[in-house]
Amino acid sequence: MADRTAAWICRTCANQYPPTPQPPDRCRICEDDRQYVPASGQEWTTLAELAAEGTRTSWREVEPGLHELVVTPSLGIGHRGLLVDTPAGGVLWDPPGYLDDGAVAFVQQRGGLLGIARSHPHLCGVLAEWSARFPDAQGAGAPMWVPRRDARWVLRPGAAVREVEDVLELAPGVTLVRCGGHFAGSAVLHVAAAAGGRGALLVGDTLMVLPGGRRVSFMRSYPMLLPLPERYLDRLLTALDPLAYDRLHGAWTGSDVPADARQVVADSAALYRRWLTGAAADPDQD
Ligand SMILES: [Zn+2]
Ligand SMILES: [Zn+2]
C-alpha cells in the first residue's frame, strides 16, 4: 500500500489524529462507551480528501461578537465551531473537523486567533490544525486550552497544549469553566459581554440544548442514552452557579436558549433529577 502520510480524521466523530503513513487501527473516541463505531465499520478521511469532495466552511453571525463556523456537507456529528471576538484576537470554541483557507482568512480578518478551547473530547475536530495555522512569534501554534482532567483525551499533543485547572479567564470577560459531567473535563465558555451584557454560556454538550429552546439535558452519553449520576449533576450545577448568564449557545446551528437561561437550567435540572431519582414518580401511574 502506498505511503499516504496524513493526519487522519475519523468520519464518525470528526476528530483528527497525528500524522501517520496509514490510518490508525481504531478511533479511541468512538470505541469509548459514550460513542459508537458504525455497523459499517471505522472510516477515515483527510483534509485533502474532504477538500476534493467539495467540503467547505461557511460562517454566520450568531449575535454581535460571536460567529458560528459550519462545515458543509456535514461531517461527524455536524457540530458548529463558535468564534468569540476579544480585543486580543478570537477564541475559537469546539472547532469542527474541517478547515479551509476561507475560514482561516475569516478569522484573520476578525483579528486573528488568541487561542482555542473545547467543551469536551467529542468536539475537538481539527483543533491542532487550527493551532498550527496561527503560529506565534516563536513559531509555536496558538494555545489549545484543555482541562487537565481531559489531558488523556488530547489526540494530538504538542507544545501549544495548555492544561487548565477548573477556571481560567482566557481574555477579559471570556472564561473557561470546567463542570465535569459528560466527561471529567467537560467545560463551558462564559462570555460576559454576550446577550447584550447579560452573559452567555457556550456549552457544547456539557449541557445539551434541546428543541424548543426552553430545556437542556445532562447525559453521560447522548448517542448511547446513558444518564448522568446525580452527584455529577450536582457538581456541574455548582460550577455554573457563580456565573451570570441569560443565554446558551449549544453545539449545532439553532441550538440556542435565547433568554432566561439560568431559569431554564434550574427547571431542567429539577425535572431531570425527578426522573433520575424516581422521586414523586409511580411506574404504575406515570
Ligand atoms: Zn471517531
Ligand atoms: Zn459529547
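Calculation criteria
Residues numbered from 1 in each chain as written. Chains lettered and ligands numbered in written order. Predicted model: local features only at pLDDT ≥ 70, side-chain atom pairs only at ≥ 80, totals over all residues. Heavy atoms only, no water. Patch = residues over 30% accessible without salt bridge, like charges linked within 9 Å, V, L, I, M, F, W, Y side chains within 5 Å. Areas by Shrake-Rupley, 256 points an atom, 1.4 Å probe, with all protein chains shown as cover. Salt bridge = Lys/Arg side-chain N within 4 Å of Asp/Glu carboxyl O. Helix = DSSP H or I, 4+ residues; strand = E, 2+ residues; numbered from the N terminus. Buried < 20%, exposed > 50% of the residue type's maximum accessible area, 1.4 Å probe, protein only. Contact = heavy atoms within 4.5 Å. Polar contact = N/O pair within 3.5 Å; in protein donor to acceptor, adjacent residues only side chain to side chain. Pairing = 2+ DSSP bridges. Donors = N, O, S within 2.8 Å, 3.2 Å for Na, K, Ca; no water. Tetrahedral: all angles 85-135°; square planar, octahedral: opposite > 155°, others 65-115°.

## Observations concerning a nonpolar patch on the surface
Point 1. On the surface, Tyr 36, Met 224 and Leu 226 cluster together into a nonpolar patch covering about 240 Å² of accessible area.
Point 2. Relative to the elements of secondary structure, Leu 226 occurs in strand S18 (residues 226-227).
Point 3. Leu 226 sits in the partly exposed class, given a relative accessible area of 31%.

## Regarding the environment of Thr 45
Point 1. Turning to its location among the elements, Thr 45 is positioned in strand S3 (residues 44-45).
Point 2. Once residues within four sequence positions are removed from consideration, Thr 45 is found in contact with Ala 7, Trp 8, Ile 9, Arg 11 and Leu 50.
Point 3. Among the polar contacts made by the side chain of Thr 45, one reaches the side chain of Arg 11 at a distance of 3.3 Å.

## As for the sheet that holds strand S2 (residues 16-20)
Point 1. Spatial strand order, S2-S1-S3: three strands in an open sheet with antiparallel pairing. The open sheet is flanked by S2 and S3, the only strands paired with a single partner.
Point 2. Across three bridges, the pairing between strand S1 (residues 6-10) and S2 is antiparallel. Considered in S2, the bridge of Ala 7 is made with Pro 19.

## Concerning the coordination of the zinc ion (ligand 1)
Point 1. Bound to the zinc ion (ligand 1) are the protein donor atoms Cys 10 (SG), Cys 13 (SG), Cys 27 (SG) and Cys 30 (SG), situated 2.2 to 2.3 Å from the metal.
Point 2. Because the angles between the four donor atoms bound to the zinc ion (ligand 1) fall within 104 to 116°, the donor set is best described as tetrahedral.
Point 3. Sequence spacing of the donors to the zinc ion (ligand 1): C-x2-C-x13-C-x2-C. Of the two residues, Cys 10 sits in strand S1 while Cys 30 sits in helix H1 (residues 28-31), which places them 20 residues apart along the sequence.
Point 4. On the accessibility criterion, Cys 10 (0% relative accessible area) is buried.
Point 5. Relative accessible area serves as the criterion here: at 2%, Cys 30 is assigned to the buried category.

## As for the sheet that holds strand S19 (residues 247-250)
By way of backbone hydrogen bonds, the strands of a sheet pair with one another, either parallel or antiparallel.
Point 1. Reading across the sheet, the six strands line up as S11-S12-S13-S14-S19-S20 and stay open at both edges, with mixed pairing between neighbours. At either margin of the open sheet sits one strand with a lone partner, and together these are strand S11 (167-171) and strand S20 (256-257).
Point 2. The pairing of S19 with S20 spans two bridges and is antiparallel. The partner of Leu 248 across the bridge, within S20, is Val 257.

## Considering the coordination of the zinc ion (ligand 2)
Point 1. Listed as protein donors to the zinc ion (ligand 2) are His 120 (NE2), His 122 (ND1), His 182 (NE2) and Asp 205 (OD); their distances from the metal cover 2.1 to 2.7 Å.
Point 2. Read in sequence order, the donor residues for the zinc ion (ligand 2) give the motif H-x1-H-x59-H-x22-D. Placement of His 122 in the loop between strand S8 (113-117) and helix H4 (127-133) and of Asp 205 in the loop between strand S14 (200-204) and strand S15 (208-209) is noted, with a sequence separation of 83 residues between them.
Point 3. Among the residues examined, Asp 205 registers a relative accessible area of 4% and is labelled buried.

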